[in-house]
Amino acid sequence: MTELLLFDGVACIRGDRLLFEGLSLTLNRGGALWLRGPNGAGKSSLIRLAAGLLRPAAGMVTRRERTALADEATALDPERPLRRALDFWARIDTVDGHAVDRAMDAMALGNLADVPVSMLSTGQRKRAALVRVIASGAPIWLLDEPANGMDEAAQARLVAAVAAHRANGGAVLLASHFALGIPDLAEIDMGTLT
Ligand SMILES: Nc1ncnc2c1ncn2[C@@H]1O[C@H](COP(=O)(O)OP(=O)(O)OP(=O)(O)O)[C@@H](O)[C@H]1O
């Protein structure tokens, strides 16, 4: 199946505010879609709809494969050393330690394996959240401001990881204020929807 994620006529209401309605989109294997727009436009809300964490007020969201979400919450146990915190998720995602090794290499975090998550810097924590996504093996990546706090080298690693994932048949939904230099990127300007 080429289409991994579909929105059909989706409306989103947060609080008592209609953020958007009648939104349809398709994310195919190998595809990447950039959600852009000003603060409060609804980028994170759309990501949460895609993850199944929010219900659409109207319309339908269809996920044909597993999703992995990286948002502002790292979702890694702050008390555990980084590697053990990642291994917790690897068990849930039923992937082996090699997947975690490879993902840690991809984000250059191998040398921080024994450092408690709470002691990681902002950028390191962002990279750790991406390791969790990369290692998960989920075909659909949902990335909400993944590069916030990342230095240039880390951003380049993120772009390379996205390219490798797409080349492997995965797809990426990205909410960001910047295109990050990701090639061949479809986009939705959320600022124009309401
Ligand atoms: N739990 C909530 N309850 C009520 N309103 C909410 C809730 N979460 C977000 N909102 C509102 O929904 C709107 C869209 O928020 P959202 O986080 O999706 O925007 P965004 O485009 O990701 O913004 P930013 O660029 O600042 O991250 C905002 O007006 C926000 O106040």
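Just so it is clear, the structure is predicted and the values come from calculations on it, not from any experiment. (Residues numbered from 1 in each chain as written. Predicted model: local features only at pLDDT ≥ 70, side-chain atom pairs only at ≥ 80, totals over all residues.)

**Some details on the confidence of the model for the protein**
No. 1: The predicted model of the protein has a mean per-residue pLDDT of 94, with 99% of residues at 70 or higher.
No. 2: Across the predicted assembly, pTM comes out at 0.95 and ipTM at 0.96. (pLDDT = per-residue confidence, 0-100.)

**Description of helix α2 (residues 82–92)**
No. 1: When we look at burial in α2, the residues that qualify are L82, A85, L86 and A90. Looking down the long axis of α2, one finds its buried residues gathered within 145° of arc, a one-sided arrangement. Every exposed residue of α2 that faces more than 90 degrees away from the buried side is listed here: R91 and I92.
No. 2: Elements in contact with the buried residues of α2: α3 (97–106) and α4 (122–136).
No. 3: Following α2 by one or two positions, T94 adopts a phi angle in the positive range, close to 50°. (Buried ≥ 20, exposed ≤ 12 C-beta atoms within 10 Å, placed from the backbone. Helix = DSSP H or I, 4+ residues; strand = E, 2+ residues; numbered from the N terminus. Arc of directions from axis to C-beta. Contact = placed C-beta atoms within 7 Å.)

**Looking at the sheet that holds strand β2 (residues 17–28)**
No. 1: Taking strand neighbours across the sheet as the criterion, the three strands line up as β2-β1-β4 in an open arrangement whose pairing is antiparallel. The open sheet has two edge strands, β2 and β4 (58–63), and neither has a second partner. Each neighbouring strand pair of the sheet contributes to a mean axis angle of 20°, computed without reference to strand direction.
No. 2: Packing of helix α1 (residues 43–51) onto the sheet brings it into contact with β1 (3–14), β2 and β4, and relative to β1 it is tilted by some 125°. (Pairing = 2+ DSSP bridges. Axes fitted to C-alpha atoms, helices over the stretch in contact; angles between N-to-C directions.)

**Quick notes on the sheet that holds strand β8 (residues 186–189)**
No. 1: The strand order across the open sheet built from five strands is β5-β6-β7-β3-β8, with neighbouring strands paired in parallel fashion. The open sheet has two free edges, formed respectively by β5 (67–70) and β8, since each of these has just one partner strand. Neighbour-to-neighbour, the strand axes of the sheet open up by a mean angle of 15°, direction not taken into account.
No. 2: Bridging between strand β6 (residues 140–144) and strand β7 (residues 171–175) involves five bridges; their strand directions are parallel. Directly across from L142, in β7, lies its bridge partner L173.

**A short note on the packing of α2 against α4**
No. 1: Taken N-terminus to C-terminus, the directions of α2 and α4 make an angle of 35°; their axes are 10 Å apart at the nearest point. Relative to α4, α2 is oriented so that their crossing is right-handed. In this structure, α2 contributes L82, L86, W89 and A90 to the contact, and α4 contributes A128, V131, R132, A135 and S136.
No. 2: For the contact of α2 with α4, the class distribution of residues is seven nonpolar, one polar and one charged. (Left-handed = near helix turned anticlockwise from the far one by under 90°. Nonpolar A, V, L, I, M, F, W, Y, C, P; charged D, E, K, R; others polar.)

**A closer look at the nonpolar core**
No. 1: Counting 59 residues, the largest nonpolar core has L130, V131, L142, L173 and L174 as its most contacted members.
No. 2: The element that contributes the greatest number of residues to this core is α4, accounting for seven residues. (Core = buried A, V, L, I, M, F, W, Y, C linked by C-beta atoms within 7 Å.)

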